[in-house]
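Each chain, letter by letter, is given below.
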Amino acid sequence: MTINTDRDQRRTLADGNQMPVLGLGVWQAPDGAECEQAVRWALEAGYRHIDTAQAYGNEESVGRALRASGVPREAVFVTTKFYPGGEDSALELEHSLRRLGLDYVDLYIVHWPQGGPTWAWPGMELAARRGHARSIGVSNFSLGELDEVLRIAETRPVSNQVQFSAFEYRRALVEGCRERDVAVTAYSSLGTGQHLDDPTVAAVAARNGRTPAQVLLRWCLQRDTLIIPKSTHRERIEENAAVLDFELSSEDLAELDALDRTGGTDQARPDAWW
Ligand SMILES: NC(=O)c1ccc[n+]([C@@H]2O[C@H](COP(=O)([O-])OP(=O)(O)OC[C@H]3O[C@@H](n4cnc5c(N)ncnc54)[C@H](OP(=O)(O)O)[C@@H]3O)[C@@H](O)[C@H]2O)c1
């Protein structure tokens, strides 16, 4: 077996663009030094994807850190998300670009289907036609909501970012996305920190000589999703990136699969929070 340990390894999206399998999430990374530092450390550790959002209020810090890093713009994949409390998804991306100090983002996604799954999509397509987003997609969309977008789309969504972990193994959603050539990015794969103390995860980690965070992230990769763990601590940012040089066995995977509390759902969320 050959394992590709390159931290910049990428998945080809349905539109031909290439997205790194490993990214840094920056939800709850406060705007300013803390967020900037996390992005800088991630880039130093070899991450080449940063996942921010209009709702996170830290796009300016992400942009500052990218510029200060010296890593060429084209080497980094930047995702931001349309806050659907706004009205005009194309215009809001222009505001994001100003905050980020960029000419384009690599991926622009509808953060959640507030007000219905389709109304924001024509604006997302316009943003792509204008060259402001290389790829467009969605987040927190169930399979049914994704199908509604696909029905009206001139430009198809290429990615769906959803809550996904061993404890939220949305098997039907991931399989449905795969059938539709929509890449799934897993968020809150560590349960926003809450899955790290689980005894099953700890046992699998001990067996593999890895940490619980690494096991949870590796499980996501082997379940066909991209990952965007969040941390503002340098050693954890490094730890979370060290998941490309080992494989969980089929027994490990089965044990972790059994932690699922969603019943393998095709839904993206237990309920709507908006
Ligand atoms: N699309 C959406 O609606 C949506 C929703 C939620 C999240 N997301 C995205 O997904 C990203 C990740 O999800 P998340 O922020 O919910 O959390 P997560 O990645 O599941 O977990 C992050 C939490 O775990 C801690 N942590 C990280 N690595 C650790 C390690 N190796 N050991 C111990 N603790 C560790 C972090 O603490 P420290 O930071 O203090 O190290 C933080 O409290 C977000 O940042 C965001 O970009 C998207």
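In case you missed it, the structure is sitting above this.
Residues numbered from 1 in each chain as written. Predicted model: local features only at pLDDT ≥ 70, side-chain atom pairs only at ≥ 80, totals over all residues. Heavy atoms only, no water.

Glancing now at the pairing of strand β6 (residues 105-110). Of all the six residues making up β6, six are buried; the element is thus mostly covered by neighbouring parts of the structure. Judged from the four bridges that link them, strand β5 (residues 77-82) and β6 form a sheet pairing that is parallel. Bridge pairing links Phe-82 to Val-110 in β6. Taken together, β5, helix α3 (residues 89-100) and β6 form a β-α-β motif whose crossover is right-handed. Inspection of the sheet shows β6 paired to strand β7 (residues 133-139) by five bridges, in the parallel sense. Along β7, the bridge assignment pairs Ile-109 with Gly-137. Regarding topology, helix α4 (residues 121-129) serves as the crossover connection from β6 to the parallel β7, and that connection is right-handed. (Buried < 20%, exposed > 50% of the residue type's maximum accessible area, 1.4 Å probe, protein only. Helix = DSSP H or I, 4+ residues; strand = E, 2+ residues; numbered from the N terminus. Pairing = 2+ DSSP bridges. Right-handed = clockwise from strand over helix to strand, strands pointing away.)

Once that is clear, we can look at the side chain of Thr-225. Looking at the element boundaries, Thr-225 is found in the loop between α8 (212-222) and β10 (226-227). For Thr-225, a relative accessible area of 2% gives the class buried. Separated by 3.0 Å, the side chain of Thr-225 and the backbone oxygen of Cys-220 make a polar contact. (Polar contact = N/O pair within 3.5 Å; in protein donor to acceptor, adjacent residues only side chain to side chain.)

In the contact formed by helix α2 (residues 59-69) and α3, the axes pass within 7 Å of each other and the chain directions differ by 45 degrees. Here α2 lies oblique to α3, going by the angle between them. Across from Glu-59, Glu-60, Val-62, Gly-63 and Arg-67 in α2, the residues of α3 making contact are Ser-96, Arg-99 and Leu-100. Broken down by class, the residue content of the contact of α2 with α3 amounts to two nonpolar, two polar and four charged. (Axes fitted to C-alpha atoms, helices over the stretch in contact; angles between N-to-C directions. Parallel < 35°, antiparallel > 145°, perpendicular 65-115°, else oblique. Contact = heavy atoms within 4.5 Å. Nonpolar A, V, L, I, M, F, W, Y, C, P; charged D, E, K, R; others polar.)

Turning our eyes to something else, we now look at unusual backbone geometry. At Gln-28, a residue that is not glycine, the phi angle is positive and equals roughly 65 degrees. Among the secondary structure elements, Gln-28 is positioned in the loop between β3 (24-25) and α1 (33-44). Notably, Ser-188 is not glycine yet its phi reads approximately 50 degrees, a positive angle. Within the fold, Ser-188 resides in the loop between β9 (183-187) and α7 (199-208).

Once that is clear, we can look at the packing of aromatic side chains. In this structure the tally under the stated criterion is eight aromatic pairs. Aromatic pair Tyr-83 and Trp-112: ring centres 5.9 Å apart, planes at 80 degrees, arrangement edge-to-face. Separated by 29 residues along the polypeptide, Tyr-83 in the loop between β5 and α3 and Trp-112 in the loop between β6 and α4 bring together distant segments of the chain. Taking the relative accessible area as the measure of exposure, Trp-112 reaches 10% and is therefore buried. Between the aromatic rings of Phe-164 and Tyr-169, the centroid separation amounts to 5.9 Å while the plane-to-plane angle is 80 degrees, which identifies the pairing as edge-to-face. The same class applies to Phe-164 as to Tyr-169, namely buried. Three or more aromatic residues joined by ring pairs make a cluster, and in this case those are Tyr-83, Trp-112, Trp-273 and Trp-274. The ring of Tyr-104 is capped by Arg-134, whose NZ or CZ atom sits 3.8 Å from the centre of that ring. The lysine or arginine in question, Arg-218, covers the ring of Phe-246, its NZ or CZ lying 5.9 Å from the ring centre. (Phe/Tyr/Trp six-rings, centres within 6.5 Å; stacked < 30°, edge-to-face > 60°. Lys NZ or Arg CZ within 6 Å of the ring centre and 35° of its normal.)

Our focus in this paragraph is helix α5 (residues 143-152). If you check which residues of α5 are buried, you get Leu-143, Glu-145, Leu-146, Val-149 and Leu-150. Each buried residue of α5 sits inside an arc of 160 degrees when the element is viewed along its axis, so together they form one side. Check the buried side of α5 and you find it contacts α4, β7 and α6 (171-179). (Arc of directions from axis to C-beta.)

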